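One letter stands for each residue in the lines below.
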Amino acid sequence: MPALIETCVPATSTQETISRKYDVTQNGFLPSSAPLRRLTDPYYALWELLAEKLPELLERKLLRYIVDSSQVLSTDRLQSEEEWRRAYVVLVFLAHGYIWGGDRPSEVLPPQITVPLLKLAEHFDLPPCATYAGLVLWNFETLNNDSDFSDPDNLRAINTFTGTESESWFYMISVALEAQSAWVMPLMVDAIEATHSRDYAKMKKGLEQIIIAIKKMDELLKRMYEKCDPALFYDKIRPFLAGSANMEAAGLPNGVFYDEGDGKGSWRKLMGGSNGQSSLIQFFDVVLGVEHTGGADKASVPKVCPVSGMATEESTSGCPVSAGKEKNMGYHEKVRAYMPEPHRRFLRSLARMGSLQAFASTPQPDAEFEQVKELYQLACKTMGDFRCTHIQVVTKYIIIQARKQPVGETLNLAKASSASDGSDLKGTGGTSLAAFLKQSRDESYEAGRVPDQPAPGVSSEYAVM
Ligand code: HEM
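Residues numbered from 1 in each chain as written. Predicted model: local features only at pLDDT ≥ 70, side-chain atom pairs only at ≥ 80, totals over all residues. Heavy atoms only, no water.

For the rest of this paragraph, the subject is empty space enclosed by the protein. Applying the stated rule across the entire model yields 3 cavities of 30 Å³ or more. Estimates place the volume of the largest cavity at around 820 Å³. Taken together, 40 residues make up the lining of the largest cavity; nearest its centre are Ser274, Asn275, Gly276, His390 and Val394. Listing elements by their share of the lining of the largest cavity, those giving two or more residues are helix H7 (132–137), helix H8 (165–181), helix H12 (230–241), helix H13 (279–288), helix H14 (331–334), helix H17 (369–404) and helix H19 (433–447). Here the lining of the largest cavity gets 8 residues from one element, more than from any other, and that element is H17. Across the lining of the largest cavity, the residue classes tally to 23 nonpolar, 14 polar and 3 charged. Two domains share the lining of the largest cavity, each providing at least three of its residues, namely domain 1 (11–23 + 180–228 + 274–292 + 332–451) and domain 2 (24–179 + 229–273). Roughly 60 Å³ of internal volume is contained in the second largest cavity. For the second largest cavity, the full set of lining residues is Leu46, Trp47, Leu50, Val67, Ser70, Gln71, Leu73, Leu91, Leu94, Gln112 and Ile113. At the level of secondary structure, the elements contributing two or more residues to the lining of the second largest cavity comprise helix H2 (45–52), helix H5 (81–100) and helix H6 (111–124). Take the lining of the second largest cavity: its biggest share by element is 3 residues, from H2. (1 Å grid on protein atoms, 1.4 Å probe; cavity = no way out; pocket = protein on both sides within 12 Å on 5 of 7 lines; lining within 4 Å. Points joined across faces, edges and corners; volume = space filled by probe spheres on them. Helix = DSSP H or I, 4+ residues; strand = E, 2+ residues; numbered from the N terminus. Nonpolar A, V, L, I, M, F, W, Y, C, P; charged D, E, K, R; others polar. Domains from an automatic or database assignment.)

Its 14 residues give H6 an end-to-end C-alpha distance of 19 Å, which sits within 8% of 20 Å, the value for a rise of 1.5 Å per residue. For H6, the buried fraction is high: 10 of the 14 residues fall into the buried class. Within the sequence span of H6, burial applies to Pro111, Gln112, Ile113, Thr114, Pro116, Leu117, Leu118, Leu120, Ala121 and Phe124. Positive backbone phi, at 55 degrees, marks Asp125, one or two positions downstream of H6. (Expected span 1.5 Å × (residues − 1). Buried < 20%, exposed > 50% of the residue type's maximum accessible area, 1.4 Å probe, protein only.)

Our next topic: unusual backbone geometry. For Asp125, which is not glycine, the phi torsion reads 55 degrees and is therefore positive. When you line up the elements, Asp125 lands in the loop between H6 and H7. We classify Asp125 as partly exposed; its relative accessible area is 31%.

Right under this line is the structure:
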């Protein structure tokens, strides 16, 4: 069994250990303090100015012109990790603003964006595009200057494409949701470890708390309606979140060419920015043993490395697809590449630690076993219910909006994916939306349907000695 928690340092709390090893802070997958608001080195003044004026530049369709006539800045003057994160946020906003901020999407990203962005992406081992980390995790400030990130009324996005409250609220609901669930993470790690020692108190505590956390997350998700206008979201915000993969109908048949100057460059097909890249939701899935298979590429689709967005034969040697490890990866597996590296490593380690599902599936003689099993089943049901709420949100913000759309002249994701009956709607990763989300919900419920008896012949590592 791989040890997530090193037993040789007993004085170290679970929270301290996951923070040190996986950068999971007291705010969960958010940083331990509010992200840097600006790069103060005057060398980066142009980036900050473009980021600040982005909504206006996009509205007036001036961004491409200004970027094209500016100079290429280096990442060499970035000092701290906070500065690297801030630069990544600025550059992913500029990249998506540049691609989608015109009458037609731009098939080429210029060196002014690609050269620093590729360095930043390499630094974080993240794809060079708008990820959940760039849009949400590292892009918020508190209004009261305090460290409570769990109240969306106390939060504001540092950068947006549109300068609207709707867009800020859309990102801030996710920030609050991440912060609000942070406390349950060490408890769940302890609960999984407790399966090995049959420590029922720890298992029950973890499961009781995860049920509360998911219910709170559900309540927070419903607050999306308070300040994020569905029509504005669909028409003005969502188009900027679109990726470059599966965007043939939107005018990007080959993806986007990352022009690095001097005749260098490469075509890349990357997913768009999505809350589906949240490590928190996958954390809940992993600890509950929810397995997802939806959103895999069809066999005929050319394979693209999820990290670089390049065809696998051109991609770097570390590409999981070209290495043959992950043929036809499903959506949830693919988006791992869009999460900060320590967080995806955390999820991997967690999955190898032990399994509450396996424990709940294998009857034990102890009196408290049934209570753990029932709590486990309730936790999976609560996760499925959260996904029901998510489907209602997506219906309101995307499916209903798509039905209202007239055929427009602007080529972008929103228009390109609007079938009149909404049946061919795609997610930001080009996934077939409604069926995929329902499958994800059903897989959550399914995890909780543990058999009453172990299947004959199946041995369990948890069997009583
Ligand atoms: C207006 C609000 C929201 C809209 C319109 C929306 C839309 C979508 C869409 C279109 C997808 C399909 C995949 C993709 O396109 O990448 C998706 C997936 C997903 N979203 Fe959201 N989303 C919203 C809010 C949230 C929030 C706040 C969370 C929580 C962090 C969240 C978590 C997820 C997850 C985990 C998936 C993957 C599918 C699953 O595991 O069920 N979404 N969402």
